Amino acid sequence: MKHFLNTQDWTRAELDAVLAQAAAFKREKLGDQLKGRSIALVFFNPSLRTRTSFELGAFQLGGHAVVLQPGKDAWPIEFKPGTVMDGEAEEHIAEVARVLSRYVDLIAVRAFPKFQDWSVDREDSVLKSFAKYSTVPVINLETITHPCQELAHALALQEHFGTRDLRGKKYVLTWTYHPKPLNTAVANSALTIATRLGADVTLLCPTPEYALDQRYLGWAKDNVAESGGSFRISHDVEEAYRGAHVVYAKSWGAIPYFGRWEQEKPIRDAHKHFIVDEAKMALTDNGVFSHCLPLRRNVKATDAVMDSPACIAIEEAENRLHVQKAVMAALVGR
Ligand code: CP
C-alpha cells in the first residue's frame with residue numbers, strides 16, 4: 001500500500017504520471033475514478049483551498065468526502081503510545097485510524113507543527129501515526145511539508161514554461177515578512193519540488209537562522225545531483241532576484257527560535273523589506289510570481305505584484321483541485 005506523505009517518497013516517473021493525469025483532469029473535469037469510494041479529510045487546522053478542492057475533487061470523480069475536525073466535531077485524539085489517557089483526548093489514534101479504514105478508502109490529514117519544539121515537530125508524529133495504523137492510503141494535507149501544494153505549483157510552472165522540467169530556470173524561494181512565525185512546510189516543499197524539477201534554486205532568507213531544516217536542505221542537494229539543477233542559500237535580495245525566472249514567496253519562523261518567538265520577533269520585524277514588490281520583480285528575467293495562499297497583501301507581496309500578469313498564484317490554487325484528483329485516483333489504483 002502506498003501513501004502520499006511526501007513527494008520525495010515517490011519516483012519521478014510516478015510524479016510525472018500524476019501531473020499528466022492532473023493536466024487531463026484540468027481539460028476534462030468529471031470522471032468515475034472514485035465511484036463508490038470515499039475519503040476522510042481530517043483537519044486539525046483551518047483551510048480554505050485544501051478542504052474545498054478535496055471535497056469537490058472527490059465529488060467530481062464520483063466519490064464522497066467526509067470532513068472531520070478532531071476536538072471540534074470529532075473526539076480529541078491521543079497520539080502517544082502507551083499513555084494513560086486521563087487528559088482531554090477521548091480516543092487513541094490506534095482506534096481512530098483503524099476504524100476510519102473500515103469506512104473509507106483514503107484518509108487525508110492536516111496537522112501543523114505546534115511551533116514550540118522543532119525536534120518534536122520534525123518527527124511529524126500525527127501524520128506518521130495515521131500512516132502506521134491506517135490500512136488504507138494516507139495523504140498529507142500539510143504537516144511539516146505540503147506535497148499537494150508542490151504538485152499544484154509544479155503543474156502551474158509546467159504550464160507557464162511549456163516544459164516538463166525547470167532546467168536552466170533561476171528559481172528564487174524567498175522568505176517574506178509576516179507578523180507571526182508560520183509553518184516551514186511550504187518552504188520545505190517548494191525547495192523539494194523545484195530541485196526535483198532541475199531548477200537553479202536560490203533560497204533567499206534574512207539570516208542563516210532562517211535556512212530550513214537539514215533534512216530538506218539534504219533533499220535539495222540530493223535532488224540537484226540527480227536532476228542537474230543547482231542549489232544555494234543567499235541573504236542578498238538584489239542578487240537573488242536578478243535574472244530570476246520564478247519567484248516563490250513564503251514566510252516561516254526561524255527554527256532555532258521555536259518556542260522562543262519573542263526573541264525571533266525583532267529579527268523578523270527588521271526584514272519587512274523582503275516584501276515582494278514591483279522593484280524586486282523588475283530585477284527578474286520576466287519572472288513569474290507565486291505563493292501558496294493565503295497571503296496578506298502589502299505585507300508579503302504588494303497589490304501591484306498580486307494583480308500583475310506575472311502572478312500565477314490563482315492558477316496554482318486551481319491546480320490543487322486537479323493534482324489532488326490525480327493523487328486520489330492513483331492511490332485507489334484507477
Ligand atoms: N494553500 C493552502 O493549503 O491553502 P489552505 O490553507 O486554505 O488549505
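Computed from a predicted model, the values in this text were never measured in an experiment. (Residues numbered from 1 in each chain as written. Predicted model: local features only at pLDDT ≥ 70, side-chain atom pairs only at ≥ 80, totals over all residues.)

1. Considering the site of the ligand
Here's step 1: Every residue near the ligand is listed here: S47, L48, R49, T50, E142, Q149, C292, L293 and P294.
Here's step 2: Across the shell around the ligand, the residue classes tally to four nonpolar, three polar and two charged.
Here's step 3: Mapping the shell around the ligand onto the domain boundaries places at least three of its residues in each of domain 1 (7–146 + 320–331) and domain 2 (149–316). (Near = placed C-beta within 6 Å. Nonpolar A, V, L, I, M, F, W, Y, C, P; charged D, E, K, R; others polar. Domains from an automatic or database assignment.)

2. A closer look at helix α3 (residues 93–103)
Here's step 1: Here α3 has its buried residues at I93, V96, A97 and L100. For α3, the angular spread of the buried residues around the axis is 90 degrees, confining them to a single face.
Here's step 2: Lining the buried residues of α3 we find β1 (38–43), β3 (77–78), β4 (91–92), β5 (106–110) and α5 (125–133). (Buried ≥ 20, exposed ≤ 12 C-beta atoms within 10 Å, placed from the backbone. Helix = DSSP H or I, 4+ residues; strand = E, 2+ residues; numbered from the N terminus. Arc of directions from axis to C-beta. Contact = placed C-beta atoms within 7 Å.)

3. With respect to the nonpolar core
Here's step 1: Grouped together as the largest cluster of nonpolar side chains are 95 residues, with contacts concentrated most on I107 and L173.
Here's step 2: The element that contributes the greatest number of residues to this core is helix α13 (residues 313–331), accounting for eight residues.
Here's step 3: Three or more residues apiece are contributed to this core by two domains, here domain 1 (7–146 + 320–331) and domain 2 (149–316). (Core = buried A, V, L, I, M, F, W, Y, C linked by C-beta atoms within 7 Å.)

4. A short note on the sheet that holds strand β7 (residues 170–175)
Here's step 1: Pairing is parallel in the open sheet, where five strands are placed in the order β9-β8-β7-β10-β11. With one partner strand each, in any of the chains shown, β9 (230–234) and β11 (288–290) form the two edges of the open sheet. Ignoring which end each strand starts from, the neighbouring axes of this sheet average 20 degrees apart.
Here's step 2: One ladder, built from three bridges, connects strand β10 (residues 246–250) with β11; its direction is parallel. Its bridge partner lying in β11, V246 is registered against V288.
Here's step 3: With respect to the sheet, helix α7 (residues 185–196) is in contact with β7, β8 (200–204), β9 and β10, its orientation differing from that of β7 by roughly 170 degrees. (Pairing = 2+ DSSP bridges. Axes fitted to C-alpha atoms, helices over the stretch in contact; angles between N-to-C directions.)

5. Things to note about the pairing of β8
Here's step 1: The buried fraction of β8 is high, at five of five residues.
Here's step 2: Of the two faces of β8, both are covered, the one formed by D200, T202 and L204 as well as the one formed by V201 and L203.
Here's step 3: Of the pairings in the sheet, the one linking β7 to β8 comprises five bridges and is parallel in character. Each residue of the ladder has a partner; that of L173, found in β8, is L203.

6. A short note on the environment of I233
Here's step 1: Here I233 lies in strand β9.
Here's step 2: I233 gets classed as partly exposed once you count the C-beta atoms within 10 Å, which come to 17.
Here's step 3: Separated by 22 residues in the primary sequence, I233 and A211 have C-alpha atoms spaced 7.5 Å apart.
Here's step 4: Non-local contacts of I233, meaning those with residues more than four positions away in its chain, are made with L203 and A211.

7. Describing the UniProt feature "modified residue: N6-carboxylysine" (unreviewed entry) in the chain
Here's step 1: Look at the UniProt record and you will see "modified residue: N6-carboxylysine" (unreviewed entry) annotated at K300.
Here's step 2: Among the structural elements, K300 can be located in the loop between β11 and α12 (303–306).
Here's step 3: Not counting residues within four places of it along the chain, the set of residues in contact with K300 comprises T176, Y177, H178, A249, S251, I275, V276, H291 and L295. (UniProt positions renumbered as here; feature names shortened; annotations may be inferred.)

8. Looking at unusual backbone geometry
Here's step 1: Here the residue pair L293 and P294 is connected by a cis peptide bond, since its omega of 10 degrees sits within 30 degrees of zero.
Here's step 2: With respect to the helices, strands and loops of the structure, P294 is situated in the loop between β11 and α12.
Here's step 3: Not every positive phi belongs to a glycine, and N286 is a case in point at roughly 55 degrees.
Here's step 4: With respect to the helices and strands, N286 occurs in the loop between α11 (278–281) and β11.

9. Looking at the UniProt feature "domain: Aspartate/ornithine carbamoyltransferase Asp/Orn-binding" (unreviewed entry) in the chain
Here's step 1: Taken from the UniProt record, the annotation "domain: Aspartate/ornithine carbamoyltransferase Asp/Orn-binding" (unreviewed entry) applies to residues 184–330.
Here's step 2: The straight-line gap between the two end C-alpha atoms of residues 184–330 is 27 Å; of that span, 45% is helix and 12% is strand.

10. Looking at the packing of helix α1 (residues 12–27) against α13
Here's step 1: The N-to-C vectors of α1 and α13 enclose an angle of 125 degrees; their axes lie 8 Å apart at closest approach. By the angle between their axes, α1 is oblique relative to α13. Relative to α13, the crossing made by α1 is right-handed. On the side of α1, the interface is formed by V18, Q21, A22, F25 and K26, while α13 contributes N319, H322, V323, K325, A326, V327, A329 and A330. (Parallel < 35°, antiparallel > 145°, perpendicular 65-115°, else oblique. Left-handed = near helix turned anticlockwise from the far one by under 90°.)

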